[in-house]
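Residue-level structure breakdown
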Amino acid sequence: MEELNDILLQRRDKLKALQDEGVNPFANDFTVRHSTADIVAAHGEQDAATLGENPIEYAIAGRIMARRDFGKAAFVQLQDRAGRLQIYIARDQVGEKDFEIFRKLDLGDLIGITGTPFRTKTDELSLRASGLRLLTKSLRPLPEKWHGLTDVETRYRQRYLDLMVNPQVRDVFLQRSRIISLIREFMQKRDFLEVETPMMQPIAGGATARPFKTYHNTLKMDLFLRIAPELYLKRLVVGGLERVFEINRNFRNEGISIQHNPEFTMMEFYQAYATYEDLMDFTEELICHVTDEVCGSLKISYGGREVDMSPPWKRLSFKEAIVQYGKVGVEILDDPAKAFDYARSLGLDLERGLPLGKILAEIFDEVVEPHLWEPTFITQYPTDISPLSRRNDQQPEVVDRFELFIVGRELANAFSELNDPIDQKERFLQQLDEKEAGDEEAHAMDEDYIRALEYGLPPTAGEGIGIDRLVMLLTDSSSIRDVILFPQLRPEK
């Protein structure tokens, strides 16, 4: 810690010395006209002779990431939003005054450079500086001083440093932005309207999850950060907006893991006059399109293992999957006692008296989910774990629902919507009973949503796709924290 304090003091001494010489260490009067990528795109294929025939002046700015000094000249690596470029700074080119300022600069300082491109003796495309301006004096050293930023906790907590010194991290977030743009473009081309719904809601609805709670002083009422936008989006379908989507932030007051962050991003959408089977085809087309655009192939690698995203994707019912992967007889699927005993044999700590569907869901998570590596649609979930889904007309004990799994993780959840207001109210009442029995994640009653359904929700299918998990898949990231710029962390000690 003593060494760090010495370095901080040295940087502040340099700051004062520059100010004493009349140099503004936080200037804001340099006009940036180009990026490093502009120079590479225009001259990356040109040889030294061609560059010398018609020199073009560029004005770029960025951070000094490395430097090599040779007395009256130096090479620096300048990094801007587009990448890095080598800059040659010589005293006889920039002048005595600017060169003396340059000699006082450190790694991490931000500078503006004007100059012309050329090739060095080693044939590296570089910029020969004709002018230099200090734009921001950095008062802390870059992590490279200690051989790079590798501590995971520090990387997540100080994401600005992570982005600054780890180019692969920056690439992940550039890809994330591209993935979201591709999804938005795909939806809009298919006549879906992008909308915004409340993030603070009087009733936490649309999913079974524990919400975050807040209080509105003026209205003197409790509000909840949304756990899902579902009930508001379906209200819009009632109102005649037949195809809607929202790329939204959701908040769930639950655990943190490599797959879960309390604040996360989903794309949720609803289509009138469609079924969950229509959405399976739609989802396959959407994700294959994004995968091909981002990765250049439908065969990708995740964690060193191939994932073949080529359609058609496998489809299995919920019960078929348990029998196939759990290697059990069908008799446990309809008998709560046998299902409970099997769950306990797996080491699952369940309370007696749970509904059969919830017992089977716990079994599914244990024996099926880890094996769903290739894209797989699981269909026909139990009704008692699907309070907003339409019952299957032939088998009312299951609903018209699917979940999509890839690399052993749930990526999407969809169903044909329950549009019978009487059935919906009965299911809400059942959820209230479960809440009173101690289930903190049971769905609350929403009388206004029932009222909306009474006006008539057309036959509709809806879906939520986990954006963070999709980005994890397509960028080969092992943790959700690697694809969220500022993940939730414990307080810094």
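Residues numbered from 1 in each chain as written. Predicted model: local features only at pLDDT ≥ 70, side-chain atom pairs only at ≥ 80, totals over all residues. Heavy atoms only, no water.

**Here we look at the overall build of the chain**
Inclusion rule: Here a strand is any run of E in DSSP of at least two residues, a helix any run of H or I of at least four, and the numbering for each starts at the N terminus. Should any heavy atoms of two residues lie within 4.5 Å, those residues are considered in contact. Using a 1.4 Å probe, the Shrake-Rupley method yields the accessible areas, and only the shown protein chains count as cover for residues. When charges are counted, Lys and Arg are positive and Asp and Glu negative, with His and the chain ends excluded. A charged residue contributes its charge at one atom only: NZ of Lys, CZ of Arg, CG of Asp or CD of Glu.
When its secondary structure is counted, the chain shows 16 helices and 18 strands. Overall, the chain is about 85 × 50 × 50 Å in size when its C-alpha atoms are taken along their principal axes. Restricting the contact set of the chain to residue pairs at least 6 apart, pairs at least 24 apart contribute 66%. Surface exposure of the chain reaches about 24,400 Å², of which carbon and sulfur atoms provide 49%. A distance of 7 Å separates the average location of the 62 positive side-chain charges in the chain from that of its 84 negative side-chain charges.

**Some words on the side chain of N392**
The line we're drawing: N or O atoms within 3.5 Å of each other form a polar contact, as long as, within protein, one can give a hydrogen and the other can take it, and as long as residues adjacent in sequence are counted only when both atoms are side-chain atoms.
Residue placement: N392 occurs in the loop between strand 15 (376-379) and strand 16 (401-406). Reaching out from N392, the side chain makes a polar contact with the backbone nitrogen of Q395 at a distance of 2.9 Å. Within the structure, the side chain of N392 is placed 2.8 Å from the side chain of D400, a separation counted as a polar contact. Leave out the neighbours within four places in its chain, and N392 touches V398, V399 and D400.

**Quick word on the domain arrangement of the chain**
Interfaces are often described in size by the accessible area the parts lose on coming together. Worth spelling out the cut-off: Note: domain ranges come from an automatic or database domain assignment.
Annotation of the chain at the domain level lists domain 1 (1-142) and domain 2 (164-313 + 374-482). Computed from C-alpha atoms alone, the centre-to-centre distance between domain 1 and domain 2 is 47 Å.

**A short note on the sheet that holds strand 17 (residues 409-416)**
Formally: Whether two strands pair comes down to DSSP finding at least two bridges between them. Helix axes are fitted to C-alpha atoms over the stretch in contact, other axes to C-alpha atoms as well, and angles between N-to-C directions run from 0 to 180 degrees.
One open sheet accounts for 8 strands, arranged 6-10-11-18-17-16-15-14; its pairing is mixed. Looking at which strands have only one partner, the edges of the open sheet turn out to be strand 6 (193-194) and strand 14 (314-317). With 4 bridges connecting them, strand 14 and strand 15 associate as parallel partners. The residue of strand 15 that forms the bridge with R315 is F377. Together, strand 14 and strand 15 form the strand contacts of helix 11 (residues 318-326), whose direction differs from that of strand 14 by roughly 95°.

**Considerations on the packing of aromatic side chains**
Heads up, the condition is: Under the pairing criterion, centres of Phe, Tyr and Trp rings, with the six-membered ring standing for Trp, must be within 6.5 Å; the plane angle then separates stacked pairs below 30 degrees from edge-to-face pairs above 60, leaving the rest tilted. Each residue gets one of three labels from its accessible area relative to the maximum for its type: buried under 20%, exposed over 50%, partly exposed in between, using a 1.4 Å probe on protein chains only.
The tally for this structure, following the rule as stated, stands at 16 aromatic pairs. Ring geometry for Y88 and F118: centres 6.0 Å apart, planes at 65°, overall edge-to-face. One end of the pair, Y88, is in strand 3 (residues 83-90); the other, F118, is in strand 4 (residues 110-119), with 30 residues separating them in the sequence. According to the relative accessible area criterion, F118 is buried, its value standing at 11%. Plain terms: the ring middles of F192 and F282 are 5.6 Å apart, the flat faces sit at 55° to each other, and that makes the pair tilted. Separated by 90 residues along the polypeptide, F192 in the loop between helix 8 (167-189) and strand 6 and F282 in helix 10 (residues 276-295) bring together distant segments of the chain. F282 shares its class with F192; the two are buried. Chaining the aromatic ring pairs together yields one cluster made of F70, F75, Y88 and F118.

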